[in-house]
Amino acid sequence: MKAKFIIVEGLDRAGKSSQCELLVKELSKSGPVELLKFPDRTTAVGKMIDAYLQSKSDLNDQAIHLLFSANRWEAVEDIKSKLNSGVTLVVDRFSYSGAAFSAAKGLDLGWCKHPDVGLPEPDKVIFLDVSEEVAMQRGGYGNERYEKLEFQRKVRSIFQQLREPNWAWINADESVENVHQRIVQALGV
Ligand code: Z5A
Ligand code: MG
């Protein structure tokens, strides 16, 4: 089976990381699969992003946007070589988060998309949509920059503009197991 590039996107606390882990476990039954996560806070660029998200440093909107993009570009050889060697990749946030969060701050959406042009295109995007009420009840909400209701509303509306035919838009208010089943169905695995 050809390796697939699967991106999991969604609103804050939608359960992306939880679902990525379950999906990797499920897909590993039928072949090699690995999990990637962005931002990758372990690299030098990722450490700058981490400091920004925790409000330990400040950067203008354009500069932080380009750092998020650079954090994906620094992984591109690794992504391509894994896909070429038959490893399916499940990716916890990618370019769509980049565009949606920066455009929600007021930057031009076309400008926001531009730095990521040329990165690998996904076979499938799983979008996890969580209601505001449910997101607020989940662990850790509100600790970082961007975790504010009004801002998350704007982010959702931009994700809607980015939606393409290869997206599965999944209601993530339900139990972890139910959401997992919907993802498995959407991928046809
Ligand atoms: N960002 C950006 O601006 N530009 C970019 O290019 C990129 C990102 C890539 C940090 O991202 C911020 O960076 C993010 C977007 C911005 N800001 N916001 N908002 P991150 O991915 O590192 O964020 P995170 O800290 O991992 O949070 P998260 O991704 O929003 O959470 P999640 O992965 O969706 O949820 P989770 O960790 O799986 O679950 C959260 C909690 O809910 C946890 O306690 C779970 O046990 C619980 N949970 C999960 N699912 C369920 C269900 N179904 N029922 C009940 N409880 C659940
Ligand atoms: Mg996460």
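Since we're looking at a predicted model, the values are computed, not measured.

Rules used in this analysis
Residues numbered from 1 in each chain as written. Chains lettered and ligands numbered in written order. Predicted model: local features only at pLDDT ≥ 70, side-chain atom pairs only at ≥ 80, totals over all residues. Heavy atoms only, no water. Helix = DSSP H or I, 4+ residues; strand = E, 2+ residues; numbered from the N terminus. Rg over C-alpha atoms; globule rule 2.2 N^0.38 Å. Buried < 20%, exposed > 50% of the residue type's maximum accessible area, 1.4 Å probe, protein only. Contact = heavy atoms within 4.5 Å. Near = heavy atom within 4 Å. Polar contact = N/O pair within 3.5 Å; in protein donor to acceptor, adjacent residues only side chain to side chain. Areas by Shrake-Rupley, 256 points an atom, 1.4 Å probe, with all protein chains shown as cover. Nonpolar A, V, L, I, M, F, W, Y, C, P; charged D, E, K, R; others polar. Pairing = 2+ DSSP bridges. Axes fitted to C-alpha atoms, helices over the stretch in contact; angles between N-to-C directions.

Enquirer: What is the right way to look at the overall build of the protein in this model?
Expert: Along its length, the protein carries nine helices and five strands. On C-alpha atoms alone, the protein measures out to a radius of gyration of 16 Å, which is about the 16 Å that the 2.2 N^0.38 rule sets for 189 residues. When its C-alpha atoms are laid out on the principal axes, the protein stretches across 45 × 40 × 30 Å. Counting every position in the protein, which comprises 189 residues, the buried fraction comes to 49%. Considering only intrachain contacts with a sequence separation of at least 6, the fraction spanning at least 24 residues in the protein is 78%.

Enquirer: Honestly, the environment of Tyr52 in this entry has me stumped. Any pointers?
Expert: If you trace the backbone, Tyr52 turns up in helix H2 (residues 44-53). Since its relative accessible area comes to 2%, Tyr52 is described here as buried. As for Tyr52 and Ile64, which are separated by 12 residues in sequence, their C-alpha atoms are 8.0 Å apart. With residues up to four places along the chain from it excluded, the contact list for Tyr52 reads Ser57, Asp58, Leu59, Asp61, Ile64, Lys105, Arg145 and Tyr146.

Enquirer: Please explain the site of ligand 1 as it appears in this structure.
Expert: Every one of the 25 residues lining ligand 1 counts as a neighbour, but Asp12, Arg13, Lys16, Ser18 and Arg93 are closest to it. Separating an oxygen atom of ligand 1 from a backbone N or O atom of Ser17 is a distance of 2.9 Å. In the model, an oxygen atom of ligand 1 is placed 2.8 Å from a nitrogen or oxygen of the Arg72 side chain. Relative to its free-state accessible area of 1,100 Å², ligand 1 is covered by the protein chains to the extent of 82%. Secondary-structure elements contributing two or more residues to the shell around ligand 1 are helix H1 (16-27), helix H3 (61-73) and helix H5 (95-104). When the residues that make up the shell around ligand 1 are grouped by side-chain class, the tally is eight nonpolar, eight polar and nine charged.

Enquirer: Quick question: what am I supposed to make of the sheet that holds strand S3 (residues 88-92) here?
Expert: Sheet strands associate in pairs through backbone hydrogen bonding, adopting either a parallel or an antiparallel arrangement. What the five strands build is an open sheet, ordered S2-S3-S1-S4-S5; its pairing is parallel. Every interior strand has two partners, whereas the edge strands, strand S2 (33-37) and strand S5 (167-171), have only one. Averaged over all neighbouring strand pairs, the angle between strand axes comes to 20°, with direction disregarded. Pairing between strand S4 (residues 124-129) and S5: five bridges, direction parallel. By the bridge assignment, Leu128 is partnered in S5 with Ile170. Sitting on the sheet, H1 touches strand S1 (5-10), S2, S3 and S4, and the angle it makes with S3 is about 170°. Packing against the sheet, helix H9 (residues 176-187) makes contact with S1, S4 and S5, and its axis sits at approximately 155° to S4.

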